[in-house]
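# Survey of secondary and tertiary structure
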Amino acid sequence: MLKIWSMKKNEDAAAKKKPKTSAAQIRVQKGMYKGGLFTFSFNINPNYPHEPPKVKCVPKIYHPNVDLEGNVCLNILREDWKPVLNLNSVMVGLQYLFLEPNADDPLNKEAAEELRKNRDQFLYNVKTSMRGGHIKGEQYDRVSNQ
C-alpha cells in the first residue's frame with residue numbers, strides 16, 4: 001500500500017511537471033493581414049513564468065516573423081522575456097506582428113526580403129497566401145474568407 005501511494009505521489013509530481021498546452025486565436029482587423037484568423041498553440045512549461053511559453057502558429061502562413069513550421073520570432077518570447085509578462089502580453093505582441101511585420105528580425109527570410117524590396121509584391125503574396133494559395137511552390141493554409 002505504501003508503494004502504491006508513492007507511485008501516485010510520483011505520478012502527481014510528474015503531471016505537475018508536464019507542459020500545459022493551450023491555444024488562442026487572433027482575428028486581424030487592420031493592416032496587411034486584415035480579415036485573417038490565426039490560431040496559435042502555447043506550450044507552457046513548468047518553469048513558467050520564469051521561462052516564456054513556446055508559441056507556434058498552427059496554420060502555415062506567409063509572414064517574415066513566422067517560419068513554415070509555425071515558429072514565431074517575437075522578442076518577448078526570447079531575450080526580452082521577464083516573469084512579470086503573461087500570456088496576454090504575448091497575445092498583444094502577436095497582434096502587433098500582424099500590424100507591423102518586422103523584416104529586420106525574420107524567420108522567413110524570403111518574406112522579409114520581399115517586404116524590404118517590394119512592398120506591393122509582399123502585400124500580393126500575403127493576400128494570395130491567406131486565401132490558401134501558392135507562393136514560390138509553397139502551399140499556404142487558408143486563413144481568410146476574403
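Preceding this paragraph is the structure being described.
I will try to describe carefully the structure that is included in this document. (Residues numbered from 1 in each chain as written. Predicted model: local features only at pLDDT ≥ 70, side-chain atom pairs only at ≥ 80, totals over all residues. Heavy atoms only, no water.)

## What to know about the environment of lysine 60
Let me state the cut-off plainly: Runs of E in the DSSP output that reach at least two residues are strands. Runs of H or I that reach at least four are helices, and both are numbered from the N terminus. Whenever a nitrogen or oxygen atom comes within 3.5 Å of another N or O atom, the pair is scored as a polar contact, on the condition that within protein one atom can donate a hydrogen and the other can accept it, and that pairs from neighbouring residues in sequence are kept only if both atoms are in side chains.
Along the chain, lysine 60 falls in the loop between β3 (54-57) and α2 (87-99). It is 8.5 Å that separates the C-alpha atoms of lysine 60 and arginine 142, two residues lying 82 residues apart in sequence. A polar contact is formed between the side chain of lysine 60 and the side chain of glutamate 138, at a distance of 2.6 Å.

## Some points on the pattern of salt bridges
Just so we agree on the cut-off: By salt bridge we mean one thing: a side-chain nitrogen of Lys or Arg within 4 Å of a carboxyl oxygen of Asp or Glu. Whether a residue is buried, partly exposed or exposed follows from its accessible area with a 1.4 Å probe, protein chains only, as a fraction of its type maximum: under 20%, in between, or over 50%, in that order.
The full count for this structure, using the stated rule, is six salt bridges. Here glutamate 79 and arginine 78 are joined by a salt bridge, their closest N and O atoms 3.4 Å apart. Taking the shortest distance from any N to any O, the salt bridge between arginine 78 and aspartate 105 comes out at 2.7 Å. Separated by 27 residues along the polypeptide, arginine 78 in the loop between β3 and α2 and aspartate 105 in the loop between α2 and α3 (109-117) bring together distant segments of the chain. Given the relative accessible area of 38%, arginine 78 is considered partly exposed. Linked through salt bridges whose partners overlap, the residues forming this network are Arg78, Glu79 and Asp105.

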